[in-house]
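Observations on the three-dimensional arrangement
Each chain, letter by letter, is given below.
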Amino acid sequence: MTEDNTTTQQIDIAIIGAGPGGYATALRAAQLGKSVILIERDETLGGTCLNRGCIPSKALITAARTMDTVHQAREVGIDATINSVDFGTLLAYKTRMVDTMTSGLAGLLAHRGVTVLRGEAAITDASEHVMQITPSAPETQVRRFTRSGVGEDMGQSVTLQATDIVLATGSRPKPLPQHDFSGALIDSTQALSLIRVPASAVIIGSGAVAVEFAGLWNAGGCNVTLLIRKDRVLSGWNRRTGATLTRELKRRGINIITHADVTAVDVGVNLGATVHYLREDQDGESTAFGEVAMAAIGRDPNTQAAWFAGSHIELTDDGFVRADELGRTSVPGIWAAGDITEGDALANRAFEQGIVIAESIAGLDPTPLDDDTVAKVVFSSPEAASVGCTLEQARSREDLSNVEETMFPMMSNARMLMSGSAGSMSLVSGERAQAPGRRVVLGAHIVAPGASDLIAEAEQLVGNHVPLSDAARLIHPHPTFSETFGEALLKADGRPLHTR
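Residues numbered from 1 in each chain as written. Predicted model: local features only at pLDDT ≥ 70, side-chain atom pairs only at ≥ 80, totals over all residues. Heavy atoms only, no water.

Our working definition: UniProt positions are given in the numbering used here, feature names are shortened, and annotations may be inferred rather than shown by experiment.
Within an unreviewed UniProt entry, the label attached to the chain reads Dihydrolipoamide dehydrogenase, and the organism entered is Bifidobacterium subtile. Under Sequence similarities (unreviewed entry), UniProt gives the following word-for-word description of the chain: "Belongs to the class-I pyridine nucleotide-disulfide oxidoreductase family."

Right, here's the structure in full:
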């Protein structure tokens, strides 16, 4: 195809966005025999998760945990100190992890026969599923990749017509209502690009991103102030989980200011950031100063492009694409996955959305996404993880009855004691309307080292509606962190072993 060639290429599925939702759709659809073109405007595949979120942040958190381990070594009789941190090597490690994951994804897509176009996509005729791809950077061309890392120039415009279009355009950090990101007021993407840990930082927010960066920078010696609107971090989670993690973050030296409403941020070149805020229990305004201030108050969906409105794709007031349980939008043959849909902005949720969409397009009649089975994890120290309903959520649902919450004393576990960390575990159980008289696990909420792995077992129990009595029969290996979950199941079943 040459620069002025206007031929329209026909394809089964065109996917806009190569983040988790987009590439999961591509991989599964190709597996099912569909011809697939994946369009991405960035230089690398993987979207926010692989490039600016999950993977780079966890690479740095891995380093922070190493520092934590050294700091705690004295408690077990090991005399160890950290003499210095080579930030050049640390950043190179982060970059190497990202490069490994993104290049691996490119290879997998090529192996499955997925064609990748690098460029900016726009739907030009929604009813006919026609789109135009143009270069995403000045003085470049649209590039096509059928083999990993081997691209060919396709000119200034490529036109596609697809039987189905999948939108997976992702999201971007939400700015404060009164300030755009500028100077020392940064977002999470900019925070990941810092060449050193700041000496002091103010973090605005109480969700996963805010909590993870608070722990990361604190481990690196930063004086961290965390401004949160409510009385605990993770305020939308189970109350016990949020309260436990808040106490543990404070114990580790993070200054948490609750009930804080940010009113203004003063920034200047090389002057740091002064954050102004009001508190419910105080008269007048207070301030917090940091070398940087990071706003981590959520993400906005990338649906602002003019072609979204021109395609008559129905959006919510907050800009999210309205999609049903299978991912279908208001326009027939156009689907949506990932952060542009309502719900938790999680890679694992987007993976399942992509699989459901691909199988729906292929006519397989898949089971719709069940948000009750989507686990959430915060890679703090200790970790927090959750799946299913909280007690309040379960009691508010008409399809659930006889709901109870079981709280397990984590410090009765030997491995928890050895870890030097606090923790909590709450299990929510009850009966579903479809199976009265059979008690099942409805939710699990954990704060502990390794909670990110423990939650996978809970996800299986919640998703498969395993009877509580059956789940509690399986004895976990001793001595392990996983025993806490097994003991909690026994307690919820009315026959506790090592607890009352």
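1. Quick look at the sheet that holds strand E13 (residues 255-257)
Where we set the bar: Strand pairing requires that DSSP identify at least two bridges connecting the strands. Strands here mean DSSP runs of E at least two residues long; helices mean DSSP runs of H or I at least four residues long; both are numbered from the N terminus.
Across the sheet, five strands lie side by side as E10-E17-E11-E12-E13; this open sheet has parallel pairing. Looking at the sheet topology across the chains shown, the edges are occupied by strand E10 (185-186) and E13.

2. Notes on the environment of glutamine 304
The criterion, for reference: Under the rule applied, a polar contact is a pair of N or O atoms within 3.5 Å (in protein, one hydrogen donor and one hydrogen acceptor; residues adjacent in sequence only if both atoms are side-chain atoms).
Relative to the assigned elements, glutamine 304 resides in the loop between strand E18 (299-301) and helix H8 (306-310). Along the primary structure glutamine 304 and cysteine 54 are separated by 250 residues, whereas in three dimensions their C-alpha atoms are 24 Å apart. In terms of polar contacts, glutamine 304 uses its side chain to reach the side chain of arginine 172, at 3.3 Å.

3. Points about the pairing of strand E1 (residues 8-16)
Note the threshold: Classification remark: right-handed applies to a crossover when, strands pointing away from the viewer, the course from the first strand over the helix to the second runs clockwise.
The sheet contact formed by E1 and strand E8 (residues 158-167) spans eight bridges and is parallel. Across the sheet, the residue bridging to isoleucine 16 is leucine 167, located in E8. Assessed by its sense of winding, the connection that carries the chain from E1 through helix H1 (residues 20-31) to strand E2 (residues 36-40) is right-handed.

4. A word on the confidence of the model for the chain
What counts, and what does not: What pLDDT expresses is the predictor's confidence in each residue, scored from 0 to 100. Throughout, a residue-residue contact means that at least one pair of heavy atoms, one from each residue, lies within 4.5 Å.
Summing up the model confidence of the chain, the mean pLDDT is 94 and the portion of residues at 70 or higher is 99%. For residues 1-5, every residue scores under 50 in pLDDT, and the model assigns this stretch eight contacts once sequence neighbours within four places are set aside.

5. Some details on helix H14 (residues 482-492)
What counts is decided by this rule: Residue burial is assigned from relative accessible area. The probe radius is 1.4 Å, only protein chains are included, and a residue is buried under 20% of its type maximum, exposed over 50%, and partly exposed in between.
With ten of eleven residues buried, H14 is to be regarded as a mostly interior element. Within the sequence span of H14, burial applies to Ser482, Glu483, Thr484, Phe485, Gly486, Glu487, Ala488, Leu489, Leu490 and Ala492. Those residues of H14 that are buried are in contact with strand E22 (400-408), helix H11 (414-419), strand E23 (424-432), strand E24 (439-448), helix H12 (451-464) and helix H13 (468-471). Phi turns positive one or two residues past the end of H14, at glycine 494, with a value near 85°.

6. Description of helix H9 (residues 347-361)
Worth spelling out the cut-off: Expected span, for any helix, means 1.5 Å times one less than how many residues it has.
For H9, with 15 residues, the first-to-last C-alpha span of 21 Å sits near the 21 Å given by 1.5 Å per residue. Burial analysis of H9 places eleven of its 15 residues in the buried class, which makes it a mostly covered element. The set of residues buried in H9 consists of Ala347, Arg349, Ala350, Gln353, Gly354, Val356, Ile357, Ala358, Glu359, Ser360 and Ile361. Close packing links the buried residues of H9 with E1, H1, helix H2 (47-52), helix H3 (54-72), E8 and strand E19 (334-336). Once H9 finishes, glycine 363 follows within two positions and takes phi at roughly 80°, a positive value.

7. Observations concerning the packing of H12 against H14
Helices that pack against each other are described as a pair by the angle of their axes relative to one another and the distance between those axes. As a reminder of what qualifies: What counts as an axis is a line fitted to C-alpha atoms, over the stretch in contact for a helix, and the angles between N-to-C directions run from 0 to 180 degrees. Whether a crossing is left-handed or right-handed is set by the direction in which the near helix is turned from the far one by less than a right angle, anticlockwise for left-handed and clockwise for right-handed.
Where H12 contacts H14, the two axes come as close as 9 Å, and the packing angle between them is 35°. As for how H12 packs across H14, the hand of that crossing is right-handed. For the pair H12 and H14, the contacting residues are Leu454, Glu457, Ala458 and Leu461 in the first and Ser482, Thr484, Phe485 and Leu489 in the second.

8. Observations regarding the side chain of threonine 258
Position of threonine 258 relative to the elements: it lies in the loop between E13 and strand E14 (260-267). Its relative accessible area of 13% is what places threonine 258 among the buried residues. Apart from the residues within four sequence positions on either side, threonine 258 is in contact with Ile228, Lys230, Asp231 and Arg279.

9. Overview of the nonpolar core
Selection rule: Side-chain atoms within 4.5 Å are what join buried Ala, Val, Leu, Ile, Met, Phe, Trp, Tyr and Cys residues into a set we call a nonpolar core.
Grouped together as the largest cluster of nonpolar side chains are 36 residues, with contacts concentrated most on Ile203 and Trp217. Residue assignment for this core shows that the elements contributing at least two residues are H3, helix H5 (188-192), strand E11 (200-204), helix H6 (208-219), strand E12 (223-227), helix H7 (239-251) and strand E17 (292-295). For this core, the element with the highest residue contribution is H6, accounting for seven residues. Excluding residues that lie within four positions of it along the chain, isoleucine 203 makes contacts with Ala210, Phe213, Ala214, Trp217, Val224, Thr225, Leu226, Leu227 and Met294. Ranked by size, the runner-up nonpolar core spans 28 residues in total, among them Ala18, Val36, Leu109 and Val166.

10. Quick word on the sheet that holds E23
Across the sheet, five strands lie side by side as E20-E21-E24-E23-E22; this open sheet has antiparallel pairing. Edge positions in the sheet fall to strand E20 (376-378) and E22, since each of these pairs with one other strand and no more. For this sheet the average axis-to-axis angle between neighbouring strands, irrespective of direction, equals 15°. Running over the sheet, H14 touches E22, E23 and E24 and is turned about 130° from E22.

11. Quick look at the domain arrangement of the chain
The cut-off we apply is this: Domain boundaries shown here were taken from an automatic or database domain assignment. In short, buried area is how much 1.4 Å probe accessible area vanishes from two parts on joining, totalled over both. Lys, Arg, Asp and Glu make up the charged group, whereas Ala, Val, Leu, Ile, Met, Phe, Trp, Tyr, Cys and Pro make up the nonpolar group; the residues left over, Gly among them, are polar.
Partitioning the chain into domains gives domain 1 (11-52 + 92-170 + 302-371), domain 2 (174-297) and domain 3 (382-493). Computed over C-alpha atoms only, the centres of domain 2 and domain 3 are separated by 31 Å. With both chains or domains summed, domain 2 and domain 3 bury close to 1100 Å², and 60% of this area falls on carbon and sulfur atoms. Where domain 2 touches domain 3, the interface holds three residue pairs in polar contact (both at pLDDT 80 or more). A class-by-class count of the residues in the side of domain 2 that touches domain 3 yields three nonpolar, three polar and four charged.

12. As for the packing of aromatic side chains
Our working rule: Pairing of aromatic side chains here covers Phe, Tyr and the six-membered ring of Trp, requires ring centres within 6.5 Å, and sorts the geometry by plane angle: under 30 degrees stacked, over 60 edge-to-face, intermediate tilted.
Within the structure shown, the criterion is met by three aromatic pairs. Centre to centre, the rings of tyrosine 23 and phenylalanine 351 are 5.9 Å apart; their planes meet at 50°, and the pair counts as tilted. Taken together, the residues tyrosine 23 in helix H1 and phenylalanine 351 in helix H9 connect sequence positions 328 residues apart. By relative accessible area, tyrosine 23 is classed as buried at 12%.

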